[in-house]
Amino acid sequence: MQRLVFVHGSVGNGEAAWGKQRPLADEFELVVLNRPGFPPGPPVDRVDFEEHAAWVAERLQPGDHLCGHSYGGVVSLYAAAQVEGLSSLTVAEPPAFAIAADRPEVDEFSTKLESLWRDGPREPRAFLAAFYQAVAGRAVEVPDPLPPDLHQGAQTLMVERGPWEARPPVDELRSAPFPKLVVSGGWNAAFEAVCDVLEERLPAQRSVLPGMGHNPQLLGRPFNDVLRAFLRNARGSSEPAPVTVRAEGG
C-alpha cells in the first residue's frame, strides 16, 4: 500500500486540516504530518516554508504521494524538488503569489496580507479573526476565548515567514517525472491565478472545487474523489484521469 503524505497549512494541525480524507485509508497508508509549531508539539518562535520543506523532505520515502494545502502547499512545492522517487504531488491553494506577481489581482491580495502581518493586531484572537476574514473565503467562527490548540495555531500563524516571499522551484518540478495536481476553491481571483500559473508551468492537472472557500479538502468526498482518481492514474492503474471541475463564473 502506497503512502499518501499530507502537509497542513496555517492555524490548524494535520488532523484539523485532513480529517475528512480518512476514507482514503482504504486504498492508501495515510501519513498526516504535524509541522513544527503546531499541536501536539510545542510553540516555536519562527516558521519558514523553506525550513519546513526540508523537514518534510526528511520524512518522505520513495513511492510516496505528497499532498499539501495552503502554506503546506508552498512547503510541499519546495519539498517535492528535494527528494527522489516521489509518485505524485498535489497542492491545494498554495499562496505562492510571487509566481503570478504580474497579475493585478495577485498583487492587490498579496499586499493586503503583507499589511496584516506588518500592521495587524498583535493579540492572537484579533489577528486570527482578521486573517480568516481575508483568507477563509467562508464564514468561520472565532471562539472567545480561543481554545489552547487554536491559540497556539494563531500564535504560530503570526510568526510565519510571509508566503508572498516564496519562489518555489517550478522549473525544476517541471522536469520531474511525477504527475502533479493543483486544486483551488473557486472563491478568490488571486489564488485562482496562482493555481492557473502552476497548471501551465508544472504542468499540472487542475480542479476547482467550490463550496468551502480556501479549504476545498473540507468538502470531503468531492475532493477525495478527485484526489483518488488522480492517484490511481499516477500509479498506472486503469482508472481514468480526473475530469477537471471548474466553478461557474470562476
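Keep in mind that this is a model prediction, so the values were computed, not measured.

Novice: Whenever I open this one, the sheet that holds strand S4 (residues 88-92) confuses me. Can you help?
Specialist: What links the strands of a sheet is backbone hydrogen bonding, and the strands pair in either a parallel or an antiparallel sense. Spatially, the 6 strands line up as an open sheet ordered S2-S1-S3-S4-S5-S6, and their pairing is parallel. Each having just a single partner strand, strand S2 (29-32) and strand S6 (205-208) make up the two edges of the open sheet. Recorded for the sheet is a direction-independent mean angle of 15° between the axes of neighbouring strands. As defined by bridge partners, strand S5 (residues 180-184) adjoins S6 across 4 bridges and the pair is classed as parallel. Bridging across to S6, Leu181 finds its partner in Gln205.

Novice: Sorry if this is basic, but what is going on with the layout of surface pockets here?
Specialist: Unfilled space is identified by rolling a water-sized probe across the atoms. Volume-wise, the largest pocket comes out at about 530 Å³. Of all elements in the fold, only helix H1 (14-18), helix H5 (124-135) and helix H6 (148-158) reach the threshold of two or more residues within the lining of the largest pocket. Residue contributions to the lining of the largest pocket peak at 3 residues, all from H5.

Novice: Explain helix H2 (residues 49-57) here, please?
Specialist: Every buried residue belonging to H2 is among Phe49, His52, Ala53, Trp55, Val56 and Ala57, and all of these are buried. Against strand S1 (3-7), strand S3 (65-69) and helix H3 (71-80) lie the buried residues of H2. For H2, the N-terminal capping position is held by Asp48, with its side-chain oxygen 2.8 Å away from the main-chain nitrogen of Glu50.

Thresholds, definitions, all that
- Residues numbered from 1 in each chain as written.
- Predicted model: local features only at pLDDT ≥ 70, side-chain atom pairs only at ≥ 80, totals over all residues.
- Heavy atoms only, no water.
- Pairing = 2+ DSSP bridges.
- Helix = DSSP H or I, 4+ residues; strand = E, 2+ residues; numbered from the N terminus.
- Axes fitted to C-alpha atoms, helices over the stretch in contact; angles between N-to-C directions.
- 1 Å grid on protein atoms, 1.4 Å probe; cavity = no way out; pocket = protein on both sides within 12 Å on 5 of 7 lines; lining within 4 Å.
- Points joined across faces, edges and corners; volume = space filled by probe spheres on them.
- Buried < 20%, exposed > 50% of the residue type's maximum accessible area, 1.4 Å probe, protein only.
- Contact = heavy atoms within 4.5 Å.
- Polar contact = N/O pair within 3.5 Å; in protein donor to acceptor, adjacent residues only side chain to side chain.

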